Amino acid sequence: MRLLYTLAWWLALPLVLARLWLRGRQEPGYRQHWGERLGFYPRQLAPAPATLWLHAVSVGETRAAEPLIDALLAAWPDSRIVLTHMTPTGRATGKTLFAKHGARLVQSYLPYDTGAMPARFIRHFAPRICILMETEVWPNLIHQCNRYKVPVVLANARLSQRSLGKAQRLGKLITDAARGITLVAAQTQDDAERVRVLGVRDVVVTGSIKFDVVVPAAALATGAALRAAIGARPVLLCASTREGEEQLLLEALARASLPPDVLLLIVPRHPQRFDEVEKLVLTHGLSVQRRSGLAQDDFVAADTQVLLGDSMGEMFAYYAACDCAFVGGSLLPLGGQNLIEPAALGKPVLIGPHTFNFALVTEQAITAGGAARVADADALMAQASALLQDPLRLSSMGEKALAFAAQHRGATPRTIAAIKPLLS
């Protein structure tokens, strides 16, 4: 099966590269560093006592990895981390987050999973460990790690029932790869049990590293400045929205009885959709400003109905600036996004019906009283309207969200403790 998988990769490679080039029209980062994606590296790094390799696909995984990366560098002070990504936005996020570590953190794209390319990566960087964040399982990469005796850890691992079903349909290809994983640090007991079904031998439950995230002081300052630019009017944030959701939100807004001065702050998950969402807002007859158009001393106009969050790396600032947050990817069957960040900032969280990617944490937040589930966009607007017009309820729900986030911290030291024997 793995040989057929490898052949499929080589046959598809011209199409993959063509797709990269086409995506580069909207995101120029896709046209850069192609050599890294093919397993070629222009320079040899200076020697380091130990190189630790951590892979975070895109923005969400990169931000989630911050507490773990900080802890790894603290636990092994002579080490260097090679941080790999698949997307330019993930790489840009990593560059911003980890500039504080200087030469101790090196970034690269993950090579395509052809077998030869991951092998070249391993020979070039000589990592002592490979840490994959959340749900990444690459059969050839894991095979080459086993071949070169590099332990493979799946950290902050989550596996929904739906994803387990997809993995099982791939049969021996995935089960062989799963057996090649040295250690899985799972977010929940349910995740751990599903991972064991695939054949992983060593699985521990550590909790979600995302609870350990430290909100940067700079993000709080940016959020405060943005709030000052908005003024005292209530702010409903719709964060990490996906294609199709903005249409539902704007249609529901037209039918809703929100406070007349409410500002709808929409932050699409994918930057290539910023222009598309702006056009959609305008077609609904709503006035819109873009975050990127706000100079340092600018104000959001009093008659602006929608503020489009079209900046990268400012999600904490957007959460800090809002009164109530809806977490996207959940109105449509897309699995939802991470609600821990708004909870960590003490913001009441609204979430749609589709949260299978974060099922347990969503239910825990709802049980704690820091989040509420809504059936559809109309219910979202009705719930938001009720909260924004009831300061005591809004404040109470925010306090419960903050307490919920604080209660679940500690996954990072548990993950470090599980990794330590592999690096002894």
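Residues numbered from 1 in each chain as written. Predicted model: local features only at pLDDT ≥ 70, side-chain atom pairs only at ≥ 80, totals over all residues. Heavy atoms only, no water.

## Brief notes about the domain arrangement of the protein chain
Thought 1: As assigned here, the protein chain comprises domain 1 (1-212 + 411-422) and domain 2 (217-408).
Thought 2: Between the C-alpha centres of domain 1 and domain 2 the distance comes to 30 Å.
Thought 3: Taken together, the contacts link 13 residues of domain 1 with 17 residues of domain 2.
Thought 4: Carbon and sulfur atoms supply 58% of the area that domain 1 and domain 2 bury against each other, a total of about 1500 Å² over both sides.
Thought 5: Among the residues of domain 1 in contact with domain 2, Arg-63, Lys-210 and Phe-211 are the three that bury the most area, contributing 42% of the side total.
Thought 6: Here domain 1 is connected to domain 2 by one salt bridge.
Thought 7: Counting every contact that joins domain 1 to domain 2 gives one residue pair in polar contact (both at pLDDT 80 or more).
Thought 8: Partitioned by chemical class, the residues of the side of domain 1 that touches domain 2 number two nonpolar, five polar and six charged. (Domains from an automatic or database assignment. Contact = heavy atoms within 4.5 Å. Buried area = accessible area lost by both parts, 1.4 Å probe. Salt bridge = Lys/Arg side-chain N within 4 Å of Asp/Glu carboxyl O. Polar contact = N/O pair within 3.5 Å; in protein donor to acceptor, adjacent residues only side chain to side chain. Nonpolar A, V, L, I, M, F, W, Y, C, P; charged D, E, K, R; others polar.)

## With respect to the sheet that holds strand S7 (residues 203-205)
Thought 1: Strand order in the open sheet formed by seven strands is S3-S2-S1-S4-S5-S6-S7, with parallel pairing between adjacent strands. With partners counted over all chains shown, the strands left at the sheet margins are strand S3 (105-109) and S7, one partner each. For this sheet, the mean inter-axis angle between neighbouring strands, taken without regard to orientation, is 20°.
Thought 2: The pairing of strand S5 (residues 152-157) with strand S6 (residues 183-186) spans three bridges and is classified as parallel. Directly across from Leu-154, in S6, lies its bridge partner Val-184.
Thought 3: In the packing of helix H10 (residues 189-197) onto the sheet, contacts are made with S5, S6 and S7, and the angle to S7 comes to roughly 170°. (Pairing = 2+ DSSP bridges. Helix = DSSP H or I, 4+ residues; strand = E, 2+ residues; numbered from the N terminus. Axes fitted to C-alpha atoms, helices over the stretch in contact; angles between N-to-C directions.)

## Digging into the packing of helix H1 (residues 2-23) against helix H7 (residues 139-147)
Thought 1: Across the interface, H1 lies against H7 with an axial gap of 10 Å and an inter-helix angle of 120°. Judged by the inter-axis angle, H1 sits oblique to H7. Where H1 approaches H7, its residues Arg-2, Tyr-5 and Thr-6 are matched on the opposing element by Pro-139, Asn-140 and His-143. (Parallel < 35°, antiparallel > 145°, perpendicular 65-115°, else oblique.)

## Here we look at unusual backbone geometry
Thought 1: A positive phi angle, near 60°, is found at His-33, a position not held by glycine.
Thought 2: Mapping His-33 onto the fold places it in the loop between H1 and helix H2 (34-37).
Thought 3: Under the relative-accessibility criterion, His-33 is labelled partly exposed at 38%.
Thought 4: Of note in the backbone geometry, Ala-126 takes a positive phi value of approximately 50° without being a glycine.
Thought 5: The topology assignment puts Ala-126 in the loop between helix H6 (116-125) and strand S4 (129-133). (Buried < 20%, exposed > 50% of the residue type's maximum accessible area, 1.4 Å probe, protein only.)

## Structural notes on the UniProt feature "site: Transition state stabilizer" (unreviewed entry) in the protein chain
Thought 1: Feature annotation in UniProt places "site: Transition state stabilizer" (unreviewed entry) on Glu-134 and Lys-210, given in this structure's numbering. A maximum C-alpha distance of 10.9 Å among these annotated residues, which run over 77 residues, shows that they cluster at one spot.
Thought 2: Tracing the backbone shows Glu-134 in the loop between S4 and H7.
Thought 3: What Glu-134 contacts, discounting residues up to four positions off in sequence, is Glu-61, Ala-64, Leu-154, Ala-155, Asn-156, Ala-157, Arg-158 and Lys-210.
Thought 4: Among the polar contacts made by the side chain of Glu-134, one reaches the side chain of Arg-158 at a distance of 3.1 Å.
Thought 5: Along the polypeptide, Lys-210 turns up in the loop between S7 and helix H11 (217-230). (UniProt positions renumbered as here; feature names shortened; annotations may be inferred.)

## Section: the layout of surface pockets
Thought 1: Quantified by volume, the second largest pocket comes out at close to 400 Å³.
Thought 2: Lining the second largest pocket are 21 residues; nearest its centre among them are Thr-96, Leu-97, Pro-216, Ala-219 and Gly-313.
Thought 3: Those elements that place two or more of their residues in the lining of the second largest pocket are helix H4 (66-75), helix H5 (88-97), H11 and helix H14 (315-321).
Thought 4: A per-class count over the lining of the second largest pocket returns 11 nonpolar, four polar and six charged.
Thought 5: Each of two domains, domain 1 (1-212 + 411-422) and domain 2 (217-408), supplies a minimum of three residues to the lining of the second largest pocket. (1 Å grid on protein atoms, 1.4 Å probe; cavity = no way out; pocket = protein on both sides within 12 Å on 5 of 7 lines; lining within 4 Å. Points joined across faces, edges and corners; volume = space filled by probe spheres on them.)

## Thoughts on the pattern of salt bridges
Thought 1: The tally for this structure, following the rule as stated, stands at 19 salt bridges.
Thought 2: Notably, a salt bridge pairs Glu-246 with Arg-273, separated by 2.8 Å at the nearest N-O pair. Here Arg-273 lies in the loop between strand S9 (263-268) and helix H13 (274-283) and Glu-246 lies in helix H12 (residues 245-255), a separation of 27 residues in the sequence.
Thought 3: The buried category is assigned to Arg-273, whose relative accessible area is 6%.
Thought 4: Here Arg-290 makes a salt bridge to Glu-278, at a shortest N to O gap of 2.8 Å. With a gap of 12 residues between them, Arg-290 in strand S10 (residues 288-290) and Glu-278 in helix H13 connect regions that are remote in the sequence.
Thought 5: Judged by its relative accessible area of 22%, Glu-278 falls in the partly exposed class.

## Here's the deal with H10
Thought 1: Every buried residue of H10 is accounted for by Asp-191, Ala-192, Arg-194 and Val-195. One face of H10 carries all of its buried residues, which in axial projection span an arc of 165°.
Thought 2: In this structure, the buried residues of H10 make contact with S5, helix H8 (161-169), S6 and S7.
Thought 3: Phi turns positive one or two residues past the end of H10, at Gly-199, with a value near 110°. (Arc of directions from axis to C-beta.)

## Side note on the side chain of Arg-233
Thought 1: With respect to the helices, strands and loops of the structure, Arg-233 is situated in the loop between H11 and strand S8 (235-241).
Thought 2: Looking at Arg-233, its side chain comes within polar contact range of the main-chain oxygen of Val-262, at 3.4 Å.
Thought 3: Among residues more than four places away in sequence, those in contact with Arg-233 are Arg-227, Asp-261, Val-262, Leu-263, Val-300, Ala-301, Ala-302, Thr-304, Gln-305 and Asp-323.

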